[in-house]
Amino acid sequence: MDMESASSVVLQALTQATSQDTALLKPAEEQLRQWETQPGFYSVLLNIFNNHMLDVNVRWLAVLYFKNGIDRYWRRVAPNALSEDEKTSLRAGLITNFNEPVNQIATQIAVLIAKVARLDCPRQWPELIPILLESVKGQDGLQQHRALLTFYHVTKTLASKRLAQDKRLFQDLASGIYSFACSLWSHHTDCFLQQVLAVDQAHALSSLERTLLSLKVLRKLTVHGFQEPQQNMEVMVSVENQEKVILERSRQVDPDSPCREKLEKTIILYTKVLLDFLEVHPCAFIPLIQRSLEFAVSYVFTAAGEGLVFERFTVQCMNLIKTIVKNEAYKPCKNIEDSKPESLEAHKIKTAFFTHPTLTEIGRRLVSHYFLLTKEELAMWEEDPEGFAVEETGGDSWKYSLRPCTEVLFLDIFHNYSQTLTPVLLEMVLNLQVYNAVGLAAYELFDNIDFDQWFNNQLLGELQVSHHRYKLIRRRVIWLIGQWISVKFKSELRPLLYEVILNLMQDPDLVTCQFLFLNVSSPVDDFEFRTEQFLPYLESIFSLLFQLLQQVTECDTKMQVLHVISCVIERVNIQIRPYVGCLVQYLPLLWKQSEEHNMLRCAILTTLVHLVQGLGAESKNLYLFLLPVIQLSTDVSQPPHVYLLEDGLELWLVTLENSPAITPELLRIFQNMSALLEMSSENLRTCFQIVNAYIYLSATDFLQNYAEGLCRCFCNLLKDITNEGQVQVLKVVEVALKVSPVLGAHMFQPLLPSVFRGIVDGERYPVVMSTYLGIMGRVLLQNASFFSSLLTQMASEYNQEIGQLLGGVIEMWVDRMDNITQPERRKLSSLALLSLLPSDNSVVQEKFCGIINICVEALHDVMTEDSDTGTLKDCMLMSHFEEPKLTDDEEPPTEQDKRKKLLALEDPVHSVSLQQYVYEKLKAQQALMGDQGFGALMETVDTEIVRQLQEFLQGL
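Under the annotation held in an unreviewed UniProt entry, the protein carries the name Importin-11 and is attributed to Oncorhynchus tshawytscha. Quoted verbatim from the Subunit (unreviewed entry) heading of the UniProt record, the comment on the protein is "Interacts with UBE2E3 and RPL12." According to the UniProt record, the Sequence similarities (unreviewed entry) comment for the protein is "Belongs to the importin beta family."

Dropping the structure here:
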């Protein structure tokens, strides 16, 4: 691309690409996309965004295109990669000057320089760091700031590389520039303090910005630049100095100063240095434990911090205390002699600091000060109760928000120092009713509080106070019960609790309901749950939960309500059927409304899983909604599958398991499966279960439509799959042969030679060998003609006589019988090998002894004494199908369970008596050979085995 002519056309295209007119925008974007691979394009972009006279939007877009091009075309191995000459020119142009006047563009340029540095520094770009350091020393304020900004982004990017060689390069860099980075930070910090004293706010703010950037650089160098920082005095002094700065900074600036916001960011960054250093280098942090605990506890739990600390700083201090308290590197082993000296030293420092008075004060302040709702929180509750509830129950907000952080710190300190804090908390329970603390520490207080008595004598009464202003207590009490219900709560009290829950759920105050249903799942979702106790309240509670689901508007809230609904359905199972009509009608609407909210759709999928399980065969009435949902969730060409796939597969599986019959639509969804199998993801096991479910549901329809493609996919999978994965593939073939021996063998014919080879070659992995023998046993027993043709095919492949190969198979089968652990497969092997009798084939007669040995082993597995007659019988025989009698807590059989039972009635393993079959086959062999010949054959069998065989056959 000629530079002079190219600049004008590229500039025009960029200008049009910033237009709001799509008629100009789309063609311009397409043209720019085509130029991305043209030589010289990025040199033109560099000239454009370095030209400060051009429109800001155009320059901004040029930077973005340049940055994206680094990702796509900078690497040597990339398709259409930039030439080395152009990259050399671009690198030089990027660091010619640091005078970008627009902050946002300056940041983007710094980021793209860092991207190039990640790939090229230091080998192809050794001059980058020296030029940055020189520019940072300059007197020009703008140039100094832009160079420092770039220096930070380069350092951040290089520090993030994780290969061992890259780490060593960054450590070499850090050791070379650490002193300079420390002096740079000290210089800008001193300038800021001097300007604050001189009330020079404008320059103070500028110096503080440079202090912040230099500290960001120092943070990366300190945390990631040294493998053993405790051996570098300069690093340890730097971290200690930063700790001192935290103690001083809050007092430096007036709260109304324009520097206040930036100063708070700087203080938080100081705490991040400490936290990062503690996380990455816990042993190096040991000399800093005492001072860190002193200043954190002083600011957060004494009067010293009043009026000085701000919420984010309080959170960071609590995180610092928490991380020190629970750090595994600071805990000695149970056997003290096995402990490292560093662990013992750290433990000694912690023990000396956390005295009884200190722990008591921390515990009291957490409970009586930090656990209290603030005026702002109470006001938010009144104005937006649902929003308040969602915010308070956020996921990992404990790292950033004060209330969750407070609760996590309380839990960690109480767990580690429960002997000291338990009496303190019990005293507060008597005097202050500290429900939050007692709920959080439920497991620790198990032996110290009679919760049943407390519930009866006090908590129950507080739940029944209906005054509007008492809602705070009602909310906290129901939460407290939710914490204790699975820890210590008599089952006899459950009905009383359900009565209270039912009354509370009719409270017009939405937030009371919100906190109620967050905890109502606890009595439904714990080990002590009794269905019969819950059933009298099921209709009312389920109806109120459904009303709540309709009323709430926040996605998180709807997800939580759906979770509770799912718990209820899962617990009561089929007894939910009379009450789900409204929910079934509402879910399609909710699914449509949640198109942009994939996590809510995941919750809907989970609810549908439990709903289908509860409805059983009646779930077919949901297919109009259910099947398109499964189709979308499991289609890897649709973007939402990233979020929905796992739950979608589970829904697909339970839908098949509970389907009374195949439908064309249900069969059609299987078109999604080939792409899923090719992904070879962690969901493969579920995919195989789905395939099996289709075979059980309608083997003929399914195999005729999909077996060919499935077989091809399985052949590819078996080339590169773990032994466990191989077993899952083979089990599908085994199921197909069990359901339809002739069709299964025909459809999976291409796979069977590899099974045969595995047996002949003596597969070493026992579970795989067991599955091979199970498959071949089905073929030999139930499709003898196919086995014969397969044997002929394999004899040609092995260049052996058919009889010789058959003998090898029988010998290997007998030898590896111990690999088969399932009684069903062991009986199947016996039946299969016995099916070779009667035979005048010399090879079969040579292996007769091994066949009898296997049969006797299997008879020992399956023969048990009949309690009525006192005679031996085959325990695997099934004569008829009975619906099982279930207790309230047992799940009813699925439609697939019923199909398996009916199939078992036709399966030789469950329909043929092994005892009778052995007897008949031996009699037939005797008839074929005559008494003398048969007697000689039996003499090849060990006399003890013959004796055991006779015992089993006695009476026949």
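Colleague: A description of the packing of aromatic side chains should follow, citing residues and the corresponding values.
Modeller: The geometry of an aromatic ring pair is captured by the separation of the ring centres together with the interplanar angle, meaning the angle of the planes. The full count for this structure, using the stated rule, is 33 aromatic pairs. Ring centres 5.9 Å apart and planes at 85 degrees place the aromatic pair Phe451 and Trp454 in the edge-to-face group. Within this pair, Phe451 and its partner Trp454 are both found in helix H22 (residues 451–463), separated by three residues, close to a single helical turn. Through a chain of ring-to-ring contacts, the aromatic side chains of Trp35, Phe41, Tyr42, Phe49, Phe66 and Tyr73 assemble into a single cluster. Here Arg476 stacks its cationic end above the ring of Trp479, 4.8 Å away from the centre of that ring. The ring of Trp591 has Arg601 sitting right over it, with the charged end atom 4.1 Å from the ring centre.

Colleague: Before we move on, can you summarise helix H30 (residues 623–633) with the specific residues and values?
Modeller: The set of residues buried in H30 consists of Tyr623, Phe625, Leu626, Leu627, Val629, Ile630 and Ser633. Looking at the buried residues of H30, the elements they touch are helix H28 (581–593), helix H29 (598–615), helix H31 (641–657) and helix H32 (664–668).

Colleague: Before we move on, can you summarise the state of the cysteines with the specific residues and values?
Modeller: In this structure the tally under the stated criterion is zero disulfides. As a non-bridged cysteine, Cys317 has Cys405 as the owner of its nearest cysteine sulfur, 9.7 Å distant. Given the relative accessible area of 0%, Cys317 is considered buried. Just so you know, Cys713 is unpaired, no disulfide at all, and the nearest cysteine sulfur is the one on Cys715, 9.3 Å from it.

Colleague: Requested: an account of the environment of Ala198, with residues and values cited.
Modeller: Checked against the element boundaries, Ala198 lands in the loop between helix H9 (164–197) and helix H10 (201–224). Look at Ala198 and you get exposed, because its relative accessible area is 56%. Each C-alpha atom of the pair Ala198 and Leu624 lies 75 Å from the other, and the pair is 426 residues apart in sequence.

Colleague: Break down a negative patch on the surface for me, with residues and values.
Modeller: Among the surface-exposed residues, Glu383, Asp384, Glu554 and Asp556 lie close enough to one another that they form a single negatively charged patch. Relative accessible area serves as the criterion here: at 31%, Glu554 is assigned to the partly exposed category.

Colleague: Any chance you could break down a nonpolar patch on the surface for me, citing the residues and the numbers?
Modeller: Residues Met599, Val642 and Tyr643 make up a contiguous nonpolar surface patch of about 330 Å² in total accessible area. Assignment of secondary structure puts Met599 in helix H29.

Colleague: An account of the confidence of the model for the protein is needed here, citing residue identities and associated values.
Modeller: Per-residue confidence for the protein gives a mean pLDDT of 87, with 93% of residues at or over 70. Confidence drops under pLDDT 50 across residues 510–520; counting only partners more than four residues distant or on other chains, this segment forms 42 contacts.

Colleague: Give me the lowdown on the packing of helix H43 (residues 848–862) against helix H47 (residues 943–953), citing residues and values where you can.
Modeller: Between H43 and H47, the least distance of the axes is 10 Å, while the angle of their chain directions is 50 degrees. In this view, H43 runs oblique relative to H47, as classed from their interaxial angle. Pair H43 / H47 crosses with left-handed handedness. Of the residues in H47, those in contact with Ile852, Asn853, Val856, Leu859 and His860 of H43 are Ile945, Gln948, Leu949 and Phe952. Of the residues assigned to the contact of H43 with H47, the class counts are six nonpolar, three polar and no charged.

Colleague: Requested: an account of the packing of helix H13 (residues 289–301) against helix H16 (residues 356–370), with residues and values cited.
Modeller: Running from amino to carboxyl end, H13 crosses H16 at an angle of 40 degrees, the nearest separation of the two axes being 11 Å. When the axes of H13 and H16 are compared, the crossing they make is left-handed. Note on element contacts: H16 touches H13 through Glu361, Ile362, Arg365, Leu366 and Tyr370, opposite Val297, Val300 and Phe301. Of the residues assigned to the contact of H13 with H16, the class counts are six nonpolar, no polar and two charged.

Colleague: Let's hear about the pattern of salt bridges: which residues, and what values?
Modeller: One pass over the full model with this rule turns up 26 salt bridges. Between Arg825 and Glu734 there is a salt bridge, with the nearest N and O atoms lying 2.7 Å from each other. Of this pair, Arg825 sits in helix H41 (residues 823–834) while Glu734 is found in helix H35 (residues 723–739), placing the two residues 91 residues apart along the sequence. Pair check on accessibility: Arg825 and Glu734 agree, each one buried. For Lys898, the salt bridge is made with Glu895, and the minimal N-O distance between the two is 3.2 Å. Of the two residues, Lys898 and Glu895 are both situated in helix H44 (residues 895–906); the distance of three residues between them amounts to about one turn of the helix. Classification of Lys898 by relative accessible area gives partly exposed; the value is 23%.

Colleague: With reference to specific residues and values, describe the environment of Phe542.
Modeller: Take Phe542: it is sitting in helix H26 (residues 531–551). In contact with Phe542, not counting residues within four places along its chain, are Ile565, Val568, Ile569, Ile576, Tyr579, Val580 and Leu583.

Colleague: Got a sec to walk through the side chain of Thr222? Specific residues and values, please.
Modeller: Among the structural elements, Thr222 can be located in helix H10. Within the structure, Thr222 has its side chain in polar contact with the side chain of Tyr178 (distance 2.8 Å).

Colleague: Run through the nonpolar core, naming residues and quoting values.
Modeller: One finds Trp652 and Phe748 to be the most contacted residues of the largest nonpolar core, which totals 317 residues. Sort the elements by how many residues they give to this core and helix H34 (residues 684–719) lands first, with 20 residues. Aside from chain neighbours lying at most four places away, what touches Phe748 is Leu703, Leu710, Cys711, Phe714, Val732, Val733 and Ala736.

Calculation rules
Residues numbered from 1 in each chain as written. Predicted model: local features only at pLDDT ≥ 70, side-chain atom pairs only at ≥ 80, totals over all residues. Heavy atoms only, no water. UniProt positions renumbered as here; feature names shortened; annotations may be inferred. Phe/Tyr/Trp six-rings, centres within 6.5 Å; stacked < 30°, edge-to-face > 60°. Helix = DSSP H or I, 4+ residues; strand = E, 2+ residues; numbered from the N terminus. Lys NZ or Arg CZ within 6 Å of the ring centre and 35° of its normal. Buried < 20%, exposed > 50% of the residue type's maximum accessible area, 1.4 Å probe, protein only. Contact = heavy atoms within 4.5 Å. Disulfide = S-S within 2.5 Å. Patch = residues over 30% accessible without salt bridge, like charges linked within 9 Å, V, L, I, M, F, W, Y side chains within 5 Å. Areas by Shrake-Rupley, 256 points an atom, 1.4 Å probe, with all protein chains shown as cover. Salt bridge = Lys/Arg side-chain N within 4 Å of Asp/Glu carboxyl O. Lys, Arg positive; Asp, Glu negative; His and termini not counted. Charge placed at Lys NZ, Arg CZ, Asp CG, Glu CD. pLDDT = per-residue confidence, 0-100. Axes fitted to C-alpha atoms, helices over the stretch in contact; angles between N-to-C directions. Parallel < 35°, antiparallel > 145°, perpendicular 65-115°, else oblique. Left-handed = near helix turned anticlockwise from the far one by under 90°. Nonpolar A, V, L, I, M, F, W, Y, C, P; charged D, E, K, R; others polar. Polar contact = N/O pair within 3.5 Å; in protein donor to acceptor, adjacent residues only side chain to side chain. Core = buried A, V, L, I, M, F, W, Y, C linked by side-chain atoms within 4.5 Å.

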